[in-house]
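Structural overview for review
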Number of protein chains: 2
Amino acid sequence: MPEKESIKITEVGPRDGLQNEYKPVSTSDKFEFIRLLGLSGIQCIEATSFVKPGAIPQLSDASVLSEKLNFQSGITYSALAPNKKGYETAIQFGYREIAIFTAASNSFTKKNINKTIQESIEIFLDISKQAVLDKIKVRAYISTVVACPYEGIISPSSVLEVAKQLLDQGVYEISLGETIGVAVPNQVEDLLTTLFGKFSPSLFAGHFHDTYGMAIANAAKSLEMGIRSFDSSAGGLGGCPYAPGAAGNVATEDLVYFLENSGYSTGIDLNKVMDASAFISQKIERNLISKTYLALQSRCESVALS
Amino acid sequence: MPEKESIKITEVGPRDGLQNEYKPVSTSDKFEFIRLLGLSGIQCIEATSFVKPGAIPQLSDASVLSEKLNFQSGITYSALAPNKKGYETAIQFGYREIAIFTAASNSFTKKNINKTIQESIEIFLDISKQAVLDKIKVRAYISTVVACPYEGIISPSSVLEVAKQLLDQGVYEISLGETIGVAVPNQVEDLLTTLFGKFSPSLFAGHFHDTYGMAIANAAKSLEMGIRSFDSSAGGLGGCPYAPGAAGNVATEDLVYFLENSGYSTGIDLNKVMDASAFISQKIERNLISKTYLALQSRCESVALS
């Protein structure tokens, strides 16, 4: 049997997932969640965000949590850094990869971080220069790559323009954030066609939210077009904290099920991801909505798929 | 703007959905559910099944329910008929379309209807001859088209063999049942490539269960390959009745959201499907898991998509 092609999975549950969960999670429970995720074979975990204290209460323990992480474990832990100060704090704790973020919509960056796209990119220029000297890898998020809650549909050329500037700064990967989970595969195809006209697919990751249940279909289209890196959250954590049942990030379980059964290798043990999901589900006191998680948990049927 | 291509949706919630729901639903509530579905613009509704009394308790009121349906309404109501007697009963009530069913796996037909595939096809031969004389349209289900809970993976050539025989009998459409909801788009692609090597895509419908969250991705692949007819259940009714939260049929809401935003027309008003879903959700006393339903219901964000 030929060796399967590998897909990179970045687990964003501890950061993007939890920041959208209403119920506060203690630092030690976050640490245990991250530990369980690591046991599943996940190689890249976005652990937290060094935003201004108070901006995101759920992530206000970024420093205490980061102190507990073992940066020698072979797992790549990353943290979001909104500015130079956040970057410096992160690398003091031992992070060797940080993530910066902007969006393809000015209204979104304005509401989110009170800056225009251009202003946010200028801040990151400062970080990226330092990161080269420090040998720190920088990953960038572009949010609202298909649609923005304030501006509606975003044109692929707007995303291309932002991507160009970020790649010029030396980010090694751009995570394309379909932040509000409204896109359908056609729209993802249009976006990727535009981006891949200028840049290699290997420079991009797919970051799909599953608000309308389209995330796996969008991941399938991205995979078909050459994307080999995806972000996901264990159990499908996140979503809109005030809307019970509304979906968040695409679930790691659904994504791994899809990829492994499509002939790719993720190196991730589904049952062990489910242990992490079951743990965090208890802590946030709500049921998770990953369909693969629910199906495997209830073992409604069992089929040997290979 | 050019006219959009139409997609046929067959709502199977009252039959395939409810038959997998544990909580009994009264005939008048089923009738109200069907009435609300009709108001949404859905043109084809599979109302019930004329199986042996007692075989499926939830559908044992097939006759009483069918008496209440208005077959002059312009909506095509259909019913499942497992044999000639079921067929005759159905047409007495006024059905002008019936559905027959078999599978691509002998183990499945044996467990399901205690017949081999071949035995089941012979019974339907009897029905289909009469249907020609009666000018009744016959639709056929082939279950387990990708995988069987007893046999594992099913080869596309097994499905082709069954499809050939059914089309020879004059069925006007074959609904390809991915009964256990384990398939990924690659597998659907292999199946359709085999079938479309011999037959037109217009002879087939996609019937995807969402057990592992792959249904929309499978529908997207099918659409890309030429399928223009899909089955779905309002709210994603059904699933495994003893596994809380496990997914059933692909949700009508998710499917309509996907198709309408992909540039196709279904003629269906999403908000009105949600009225039907909300109604039946109360009656079965459980929350539905359609992500589009949950997203629109909670209005976490609102984006003009067109």
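Residues numbered from 1 in each chain as written. Chains lettered and ligands numbered in written order. Predicted model: local features only at pLDDT ≥ 70, side-chain atom pairs only at ≥ 80, totals over all residues. Heavy atoms only, no water.

**Topic: the overall build of chain A**
Per the secondary structure count, chain A includes twelve helices and twelve strands. Counting only C-alpha atoms, chain A reaches 55 × 40 × 40 Å along its principal axes. Residues counted as buried form 59% of the 306 residues belonging to chain A. Taking all contacts inside chain A whose residues are at least 6 apart in sequence as the whole, residues at least 24 apart take part in 74%. Carbon and sulfur atoms make up 50% of the accessible area of chain A, which totals about 11,800 Å². In chain A, which carries 27 positive and 33 negative side-chain charges, the distance between the mean positions of the two groups comes to 4 Å. (Helix = DSSP H or I, 4+ residues; strand = E, 2+ residues; numbered from the N terminus. Buried < 20%, exposed > 50% of the residue type's maximum accessible area, 1.4 Å probe, protein only. Contact = heavy atoms within 4.5 Å. Areas by Shrake-Rupley, 256 points an atom, 1.4 Å probe, with all protein chains shown as cover. Lys, Arg positive; Asp, Glu negative; His and termini not counted. Charge placed at Lys NZ, Arg CZ, Asp CG, Glu CD.)

**Here's the deal with the sheet that holds strand 9 (residues 173-178) of chain B**
Each strand in a sheet pairs with another by means of backbone hydrogen bonds, the pair being arranged parallel or else antiparallel. Residue and element names in this part refer to chain B. Read around the barrel, eight strands follow the order 2-3-4-5-6-9-10-11 and close on themselves; strand pairing throughout is parallel. Mean inter-strand twist for the sheet, computed between neighbouring axes without regard to direction, equals 25 degrees. By the bridge criterion, two bridges tie strand 2 (residues 8-11) to strand 3 (residues 44-49) in an arrangement that is parallel. Within the sheet, the bridge partner assigned to threonine 10 lies in strand 3 and is cysteine 44. (Pairing = 2+ DSSP bridges. Axes fitted to C-alpha atoms, helices over the stretch in contact; angles between N-to-C directions.)

**Structural notes on the packing of aromatic side chains**
All names here are of chain B. Taken as a whole and judged by the stated rule, the model has 16 aromatic pairs over all chains. Ring centres of phenylalanine 50 and tyrosine 95 lie 5.9 Å apart, and the angle between their planes is 80 degrees; on these two criteria the pair is classed as edge-to-face. Of this pair, phenylalanine 50 sits in the loop between strand 3 and helix 3 (62-68) while tyrosine 95 is found in the loop between helix 4 (84-93) and strand 5 (97-103), placing the two residues 45 residues apart along the sequence. With centroids separated by 4.7 Å and ring planes inclined at 70 degrees, the aromatic side chains of phenylalanine 71 and tyrosine 95 adopt a geometry described as edge-to-face. (Phe/Tyr/Trp six-rings, centres within 6.5 Å; stacked < 30°, edge-to-face > 60°.)

**Here we look at the packing of helix 11 (residues 270-284) of chain A against helix 12 (residues 291-298) of chain A**
All names here are of chain A. Following both chains from N to C, one finds helix 11 and helix 12 inclined at 100 degrees, their axes separated by 11 Å at the closest point. Between helix 11 and helix 12, the angle falls in the class roughly perpendicular. Between helix 11 and helix 12, the contacting residues are Leu270, Met274, Ser277 and Ala278 on the first element and Thr292, Tyr293, Leu296 and Gln297 on the second. Classifying every residue of the contact of helix 11 with helix 12 by side-chain character gives five nonpolar, three polar and no charged. (Parallel < 35°, antiparallel > 145°, perpendicular 65-115°, else oblique. Nonpolar A, V, L, I, M, F, W, Y, C, P; charged D, E, K, R; others polar.)

**A look at the side chain of asparagine 249 of chain B**
All names here are of chain B. Turning to its location among the elements, asparagine 249 is positioned in the loop between strand 11 (229-232) and helix 10 (252-261). Overall, the relative accessible area of 3% leaves asparagine 249 in the buried class. For asparagine 249, the side chain forms a polar contact with the side chain of histidine 209, separated by 3.2 Å. A distance of 2.9 Å separates the side chain of asparagine 249 from the side chain of serine 233, its partner in a polar contact. (Polar contact = N/O pair within 3.5 Å; in protein donor to acceptor, adjacent residues only side chain to side chain.)

**Overview of the pairing of strand 10 (residues 204-208) of chain B**
All names here are of chain B. For strand 10, the tally of buried residues reaches five of five residues, placing the bulk of the element in the interior. Side chains Phe204, Gly206 and Phe208 project from strand 10 onto one buried face, and the interleaved Ala205 and His207 project onto a second face that is buried too. Two strands pair when backbone bridges link them, and strand 9 and strand 10 are joined in this way by five bridges, in the parallel orientation. Looking at the pairing, glycine 177 lines up with histidine 207 of strand 10.

**Thoughts on the environment of phenylalanine 230 of chain B**
By the secondary structure assignment, phenylalanine 230 of chain B is in strand 11. It is 19 Å that separates the C-alpha atoms of phenylalanine 230 of chain B and glutamine 19 of chain B, two residues lying 211 residues apart in sequence.

**Details of the environment of threonine 109 of chain B**
Residues and elements named next belong to chain B. Position of threonine 109 among the secondary structure elements: in helix 5 (residues 106-113). Threonine 109 sits 21 residues away from glutamate 88 along the chain, and the two C-alpha atoms are 22 Å apart. Apart from residues lying up to four places away in sequence, threonine 109 is in contact with Thr102, Ala103, Asn114, Lys115, Thr116 and Ile117. Within the structure, the side chain of threonine 109 is placed 2.8 Å from the backbone oxygen of lysine 115, a separation counted as a polar contact.

**Some remarks on helix 9 (residues 215-225) of chain A**
All names here are of chain A. Most of helix 9 sits out of view: nine of its eleven residues are buried. Within helix 9, the full set of buried residues consists of Ala215, Ile216, Ala217, Asn218, Ala219, Ala220, Lys221, Ser222 and Leu223. Note on helix 9: the residue one or two positions beyond its end, glycine 226, has a positive phi of about 120 degrees.

**Points about the pairing of strand 6 (residues 137-143) of chain A**
Both faces of the sheet carry side chains from a regular strand, because those side chains alternate between them. All names here are of chain A. Among the seven residues that make up strand 6, six are buried, leaving the element largely enclosed by the rest of the structure. In the sheet, strand 5 (residues 97-103) pairs with strand 6 via seven bridges, with the strands oriented parallel. Bridge assignment links isoleucine 98 to a residue of strand 6, and that residue is valine 138. As paired elements, strand 6 and strand 9 (residues 173-178) share four bridges and run parallel to each other. Looking at the pairing, arginine 139 lines up with glutamate 173 of strand 9.

**A closer look at helix 7 (residues 156-168) of chain B**
All names here are of chain B. Under the 1.5 Å per step criterion, the end-to-end length of helix 7 is 18 Å for 13 residues, consistent within 8% with the ideal 18 Å. The set of residues buried in helix 7 consists of Val159, Leu160, Val162, Ala163, Leu166 and Leu167. Structurally, helix 7 contributes buried residues whose contacts are with strand 5, helix 6 (117-134), strand 6 (137-143), strand 9, helix 8 (185-196) and strand 10. One or two steps after helix 7, the chain reaches glycine 170, where phi turns positive at roughly 95 degrees. (Expected span 1.5 Å × (residues − 1).)

**Some details on unusual backbone geometry**
A positive phi angle, near 55 degrees, is found at lysine 135 of chain A, a position not held by glycine. Checked against the element boundaries, lysine 135 of chain A lands in the loop between helix 6 (117-134) and strand 6. Look at glutamate 285 of chain B: it is not a glycine, yet its phi comes out positive at around 55 degrees. Here glutamate 285 of chain B lies in the loop between helix 11 (270-284) and helix 12 (291-298).

**Description of the packing of helix 4 (residues 84-93) of chain A against helix 6 of chain A**
Residue and element names in this part refer to chain A. Close contact between helix 4 and helix 6 brings their axes to 9 Å; oriented N to C, the two are set at 25 degrees. Classified by the angle between their axes, helix 4 and helix 6 sit roughly parallel to one another. Considering only the axes of helix 4 and helix 6, their crossing is right-handed. Residues Lys84, Tyr87 and Ile91 of helix 4 form the contact with helix 6, whose own contacting residues are Asp126, Ile127, Gln130, Ala131 and Asp134. Residues of the contact of helix 4 with helix 6, tallied by class, amount to four nonpolar, one polar and three charged. (Left-handed = near helix turned anticlockwise from the far one by under 90°.)

**A closer look at the nonpolar core**
Among the nonpolar cores identified, the biggest contains 190 residues, and Ile174, Leu195 and Phe204 of chain A together with Ile174, Leu195 and Phe204 of chain B are the most heavily contacted of them. Residues contacting isoleucine 174 of chain A, with those up to four places away along its chain left out, are Ala140, Ile142, Ala163, Leu166, Leu167, Leu203, Phe204 and Ala205 of chain A. (Core = buried A, V, L, I, M, F, W, Y, C linked by side-chain atoms within 4.5 Å.)

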